[in-house]
Amino acid sequence: MTSRTSLPTSAASPSKHQTHGPGRRFPAGPALLAVLGAVVLGATLASRLSPPAAPGWANAPHELRAILWPEPLPIGPFQLLDQHGQPFGPERLKGQWSFLFFGYLQCPDVCPTAMQVLRDYRQVLAAAQPGLAHQVVFVSVDPEYDRPEQLGAYLEFFDPDFIGLSGTAEALAGLAGPLAVKYYLHFDDQGRRAIDHTSSIMIVDPQGRVLGAFPPPQRPDRMLELFTGLRRHYGL
């Protein structure tokens, strides 16, 4: 809060020329007015010459901080295969927005739910921001079982435009590791196989940088609100 100094309109009255005491005023002489003018001018010039704050987590609106990473993270080299057997590397994440989800085909609940959410999200996104180039990418965290043709059949059920990626354990780690995506194979008491995995949806900008992630639970309408705010914040 800026404090204000109350200045008398005239310094001619001897009764106002006080030196001590609470609530008493001092006359505004030419020197004081000159100093105040210089301070105001300096503050104005500084505000005009200072560069705008760089976008990032610290300068983001409060509601965006729940999804933004501290700084945009460029995705490094990796090489997987899509459901058509075609190579998929960092270059295919550029030129459009990408929404990445890491899961596996035998996942009983979290993965199908996320695919349904992303299907509905694409619909509301297309209606609100028509013409926006984007893609949904499902990355398998089960190199032992998930194959490209299986991913294709699985994703076709939700949206034929979804992209499914798979590869060796080493290739998967090349993408998942830098994104802090976790996955862990384990067996329950009955010997049933399952994989615990990160269930957030990663947001990748057209420059191939991860800007943040939608944490669960995910709702298409809320995702749209946050994504719109994210684009505004970064000017993208």
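Nothing here was measured: the structure is a model prediction, and the numbers come from that model.

## Here we look at the overall build of the protein chain
Scanning the protein chain from N- to C-terminus turns up five helices and ten strands. Within the protein chain, the proportion of its 236 residues that are buried is 39%. Taking all contacts inside the protein chain whose residues are at least 6 apart in sequence as the whole, residues at least 24 apart take part in 67%. By element, 59% of the accessible surface of the protein chain is carried by carbon and sulfur atoms, the whole surface being about 13,700 Å².

## With respect to the nonpolar core
Phe99, Phe102, Met115, Leu118 and Phe214 are the most contacted members of the largest nonpolar core, which has 59 residues in total. When sequence neighbours within four positions are dropped, the list of residues in contact with Phe214 reads Ile67, Phe99, Tyr121, Ser200, Ile201, Ile203, Met223, Leu226 and Phe227.

## Describing the state of the cysteines
Under the criterion given, the structure shown has zero disulfides. No disulfide involves Cys107; its sulfur sits 3.0 Å from that of Cys111, the nearest cysteine.

## Some details on the pattern of salt bridges
Taken as a whole and judged by the stated rule, the model has eleven salt bridges. Between Arg119 and Asp120 there is a salt bridge whose closest N-O contact spans 3.3 Å. Classification of Asp120 as partly exposed rests on a relative accessible area of 29%. A salt bridge links Arg192 to Asp188; its shortest N-O distance comes to 2.8 Å.

## Details of the packing of aromatic side chains
Two aromatic rings are characterised by how far apart their centres lie and by the angle between their planes. What the rule picks out here adds up to ten aromatic pairs. Here the aromatic rings of Phe99 and Tyr121 are separated by 5.1 Å at their centres, their planes lie at 90°, and the arrangement is edge-to-face. With Phe99 in strand β4 (residues 97-103) and Tyr121 in helix α2 (residues 110-128), the pair connects residues that are 22 residues apart, well separated along the chain. The class for Phe99 is buried, based on a relative accessible area of 0%. Assessed through its relative accessible area of 0%, Tyr121 is described here as buried.

## Some thoughts on α2
End to end, α2 covers 26 Å across 19 residues, agreeing with the expected 27 Å (1.5 Å per residue, within 8%). For α2, every residue scored as buried is listed here: Cys111, Pro112, Ala114, Met115, Val117, Leu118, Tyr121, Arg122 and Leu125.

## Section: helix α5 (residues 220-234)
Taking 1.5 Å of rise per residue, the 15 residues of α5 would be expected to cover 21 Å, and the 21 Å separating its terminal C-alpha atoms lies within 8% of that figure. Looking only at α5, the buried set comprises Pro220, Met223, Leu224, Leu226, Phe227, Gly229, Leu230, His233 and Tyr234. Its buried side turned inward, α5 meets β1 (68-74), β4, α2, β9 (201-204) and β10 (209-214). Note on α5: the residue one or two positions beyond its end, Gly235, has a positive phi of about 65°.

## Here we look at unusual backbone geometry
The linkage connecting Pro216 with the following residue, Pro217, adopts the cis geometry, with an omega of -5°. Along the chain, the position of Pro217 falls in the loop between β10 and α5. Located in the positive-phi region is Ala180, a residue other than glycine, with phi close to 60°. Mapped onto the elements, Ala180 comes out in the loop between α4 (169-176) and β7 (183-187). By relative accessible area, which is 46% here, Ala180 ends up partly exposed.

## Things to note about the sheet that holds strand β6 (residues 163-165)
Read across the sheet, six strands follow the order β1-β10-β9-β4-β5-β6 without closing on themselves; strand pairing throughout is mixed. Of all strands in the sheet, those bounded by a partner on one side alone are β1 and β6. In this sheet, neighbouring strand axes are inclined to one another by 30° on average, regardless of whether the strands run parallel or antiparallel. The strands that α2 touches are β4, β5 (134-140), β9 and β10; relative to β4, the one it contacts most, it runs at about 165°.

Definitions and limits used
- Residues numbered from 1 in each chain as written.
- Predicted model: local features only at pLDDT ≥ 70, side-chain atom pairs only at ≥ 80, totals over all residues.
- Heavy atoms only, no water.
- Helix = DSSP H or I, 4+ residues; strand = E, 2+ residues; numbered from the N terminus.
- Buried < 20%, exposed > 50% of the residue type's maximum accessible area, 1.4 Å probe, protein only.
- Contact = heavy atoms within 4.5 Å.
- Areas by Shrake-Rupley, 256 points an atom, 1.4 Å probe, with all protein chains shown as cover.
- Core = buried A, V, L, I, M, F, W, Y, C linked by side-chain atoms within 4.5 Å.
- Disulfide = S-S within 2.5 Å.
- Salt bridge = Lys/Arg side-chain N within 4 Å of Asp/Glu carboxyl O.
- Phe/Tyr/Trp six-rings, centres within 6.5 Å; stacked < 30°, edge-to-face > 60°.
- Expected span 1.5 Å × (residues − 1).
- Pairing = 2+ DSSP bridges.
- Axes fitted to C-alpha atoms, helices over the stretch in contact; angles between N-to-C directions.

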